[in-house]
Amino acid sequence: GASVFRVVPGASLGDAAPLLVQAPGWFARSIGQSTPYPAALNRVAVTLGSNAAISYAGVSKVTLSGLTGSATPSSNVSLTLSAVDGGGGGAALFDAAVGAGEWDQASGTLTLTIASGQTLAPGSFYSFSFELLNPATAQAGPPVTLSSNGASSDAVIHYT
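Residues numbered from 1 in each chain as written. Predicted model: local features only at pLDDT ≥ 70, side-chain atom pairs only at ≥ 80, totals over all residues. Heavy atoms only, no water.

Caption draft 1: Representation of the environment of Trp 26 within the structure. Structurally, Trp 26 can be placed in strand β1 (residues 26-33). Trp 26 sits 26 residues away from Ala 52 along the chain, and the two C-alpha atoms are 8.4 Å apart. (Helix = DSSP H or I, 4+ residues; strand = E, 2+ residues; numbered from the N terminus.)

Quick look at the structure:
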């Protein structure tokens, strides 16, 4: 019979070596926007996937950093996450009790708290979106980083 190979998200050549274990990290990470126009409301879409479980442990967070230049002010009102078709329930993974995302304009940081009872399962893809107001003047797209803390993962990935 024919050989059957399983495709594992985030796998690379040599990963089948016995007892090889990858460091916790993000195998999937992408970010995009709905519009590049000045002073426009911009829907930012994020897809992520980890090779390690990231679960609620009272303090588990996922942080997007480097979203600098937005005209969306920091405030006590958190950014609301929206579901994305085929997003694996990504928006629901984060704590709606805190509005889902804590936004800091000065640092361009969105901090998401994992909701009680939720886990980002290893090998799965999760997508969500949120809105930011574009600045009124032109700027280059800043490099964005993804990081997490919590019981099971602590990895930083730089977007390209």
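Moving on from the coordinates now.
Caption draft 2: How the structure looks around the environment of Gly 87. Within the secondary structure, Gly 87 is located in the loop between β5 (82-83) and β6 (101-104). C-alpha of Gly 87 to C-alpha of Tyr 126: the two residues are 39 residues apart in sequence and 5.1 Å apart in space. Look past the residues within four positions of Gly 87 in its chain and what remains in contact with it is Phe 125, Tyr 126 and Ser 127. (Contact = heavy atoms within 4.5 Å.)

Caption draft 3: Up close: the nonpolar core. In this structure, Leu 48, Leu 64, Phe 94, Leu 120, Phe 128 and Phe 130 are the most contacted members of the largest nonpolar core, which totals 24 residues. Sorting the residues of this core by element identifies β2 (41-50), β4 (61-65), β7 (109-113) and β9 (126-133) as the ones contributing at least two each. If one sorts the elements of this core by residue count, β9 sits on top with four residues. (Core = buried A, V, L, I, M, F, W, Y, C linked by side-chain atoms within 4.5 Å. Buried < 20%, exposed > 50% of the residue type's maximum accessible area, 1.4 Å probe, protein only.)

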